[in-house]
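# A closer look at the structure
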Amino acid sequence: MYDMACPAYREVKNRLSEMGLKTHRQNLANYADKGYEMLRERLEPLIQEAIQQSKFTNNDATRLLVRSMETPDDPLKYTIEYVQAALSLEKKLCVMLYDEGTRDHMLQEEKIFKDSSIVGFVADRAPQYPAIVKDLEGQELLRQVCWFHARHYLVDAYLVDSRMEMLLILINALFYIERVFLQEDDQSPEHRLEFRKEWSEPIVDRIMEMLKKMRAAGDEYGQMVHRAVDYILDDEDAFRTFLSDDRIDMHNIAIERCFRHIAMGRRNWLQTGSHFSAQNLAFMFGLLESCKLNKVNFGEYIEDILTRILCGEEVDASFLPCDYVRHFEDGTDAEVTKTSQAVA
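First, a word on what this report is: a plain description of the structure on this page. (Residues numbered from 1 in each chain as written. Predicted model: local features only at pLDDT ≥ 70, side-chain atom pairs only at ≥ 80, totals over all residues. Heavy atoms only, no water.)

## So, the pairing of strand β1 (residues 56-67)
With 9 of 12 residues buried, β1 lies mostly within the body of the structure. Here 3 bridges tie β1 to strand β4 (residues 120-123), and the two strands are oriented parallel to one another. Along β4, the bridge assignment pairs Asn 58 with Val 122. As judged from the 10 bridges shared by β1 and strand β2 (residues 78-88), these two strands associate in the antiparallel manner. (Buried < 20%, exposed > 50% of the residue type's maximum accessible area, 1.4 Å probe, protein only. Helix = DSSP H or I, 4+ residues; strand = E, 2+ residues; numbered from the N terminus. Pairing = 2+ DSSP bridges.)

The following block contains the structure:
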């Protein structure tokens with residue numbers, strides 16, 4: 001289980017031992033899970049609501065190995081499940097959602113996109129995202145496919161066919177153009193669109209032209225090359241979305257970075273012991289990434305909001321990392337302390 005292996009658990013256990021308090025690690029893990037559940041039930045709906053008020057999001061999913069205790073024929077069997085995530089760079093909030101069987105698109109559709117203010121998003125080419133756009137066609141969602149994922153496919157093709165080098169150079173140029181724009185004095189959306197039309201669009205046109213020639217060449221290219229070609233050409237319009245709307249990014253690297261801890265966990269703590277723990281794990285990692293986006297110390301934040309909840313304070317938007325102001329310090333009221341110091 002996540003709680004069994006995380007450094008925070010070991011640190012807490014060591015501190016309790018120094019105080020002369022002995023407890024079984026399973027009891028401590030269960031206690032931690034109850035704390036995670038309390039935070040998830042109170043904060044997750046608020047984070048989802050804030051992200052739904054955004055105009056654009058980054059969306060993705062990552063694998064998680066989960067043991068299903070509800071399977072009577074094989075209770076110790078581990079299955080591959082998925083954590084679904086949405087990141088709002090506008091609100092500086094990330095939410096990670098988990099439910100059994102979450103490769104289906106309905107989790108993000110119901111909890112993120114449906115009846116929201118979101119007008120566009122960036123994601124990979126997983127089948128769930130075109131399904132979301134189709135199901136919510138009344139909202140007219142813009143979908144941009146991540147160019148970084150396309151680059152991965154081309155890199156794989158380049159390893160077996162060096163003729164892919166020029167395509168990689170052109171895609172790298174697209175990323176370079178985005179970085180160059182950040183140095184422009186005029187950072188307005190209108191100028192960003194003009195900048196993309198002038199510099200990025202001709203490169204995208206050339207990439208698509210080269211890919212179409214490769215597809216037409218047939219057996220001249222191998223399986224890996226055609227795999228990369230099909231990945232891009234089969235969804236060409238979605239790869240071009242960023243050229244017609246200045247507000248949308250051409251990649252979702254930001255949310256890929258948010259999955260770093262879970263990806264590392266697949267090698268460290270390996271799996272999650274139950275669907276309940278997986279829900280808590282997903283939420284807590286999303287909360288951690290939200291704190292990082294807002295430069296909030298995660299440990300101090302958790303300590304403070306737990307203290308406020310236990311003191312009976314009603315949980316509202318001020319508890320979210322994007323609007324957070326620390327209230328308690330070392331068990332005392334920070335606001336009262338600051339006022340006393342000002343009077344002195």
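## What to know about the nonpolar core
One finds Trp 147, Ile 207 and Leu 211 to be the most contacted residues of the largest nonpolar core, which totals 38 residues. Only α6 (147-158), α7 (165-181), α8 (189-217), α9 (223-233) and α10 (236-239) provide two or more residues apiece to this core. If near-sequence neighbours (up to four positions away) are discounted, Ile 207 is found in contact with Trp 147, Leu 167, Leu 170, Ile 171 and Leu 174. Core analysis: the next-biggest nonpolar cluster, separate from the first, contains 35 residues, Met 38, Ala 50, Leu 136 and Tyr 301 among them. (Core = buried A, V, L, I, M, F, W, Y, C linked by side-chain atoms within 4.5 Å. Contact = heavy atoms within 4.5 Å.)

## Thoughts on a nonpolar patch on the surface
There is a patch of nonpolar side chains on the surface, built from Leu 65, Tyr 78 and Ile 80 and spanning about 250 Å² of accessible area. Along the polypeptide, Ile 80 turns up in strand β2. (Patch = residues over 30% accessible without salt bridge, like charges linked within 9 Å, V, L, I, M, F, W, Y side chains within 5 Å. Areas by Shrake-Rupley, 256 points an atom, 1.4 Å probe, with all protein chains shown as cover. Salt bridge = Lys/Arg side-chain N within 4 Å of Asp/Glu carboxyl O.)

## Observations regarding helix α13 (residues 275-293)
Its 19 residues place the ends of α13 27 Å apart at the C-alpha level, agreeing with the 27 Å of an ideal helix rising 1.5 Å per residue. Most of α13 sits out of view: 15 of its 19 residues are buried. Once α13 ends, the next one or two residues include Lys 295, with phi positive near 55 degrees. (Expected span 1.5 Å × (residues − 1).)

## Details of the pattern of salt bridges
This structure, assessed with the given rule, holds 21 salt bridges. With its nearest N and O atoms 3.1 Å apart, the salt bridge here joins Glu 178 to Arg 196. Residue Glu 178 is located in helix α7, and its partner Arg 196 is located in helix α8; the two are separated by 18 residues in the primary sequence. Summarising the burial analysis for this pair, Glu 178 and Arg 196 share the class buried. In this structure, Asp 304 engages Arg 308 in a salt bridge whose closest nitrogen and oxygen atoms are separated by 3.5 Å. Of this pair, Asp 304 and Arg 308 are both found in helix α14 (residues 298-310), 4 residues apart, which corresponds to roughly one turn of the helix.

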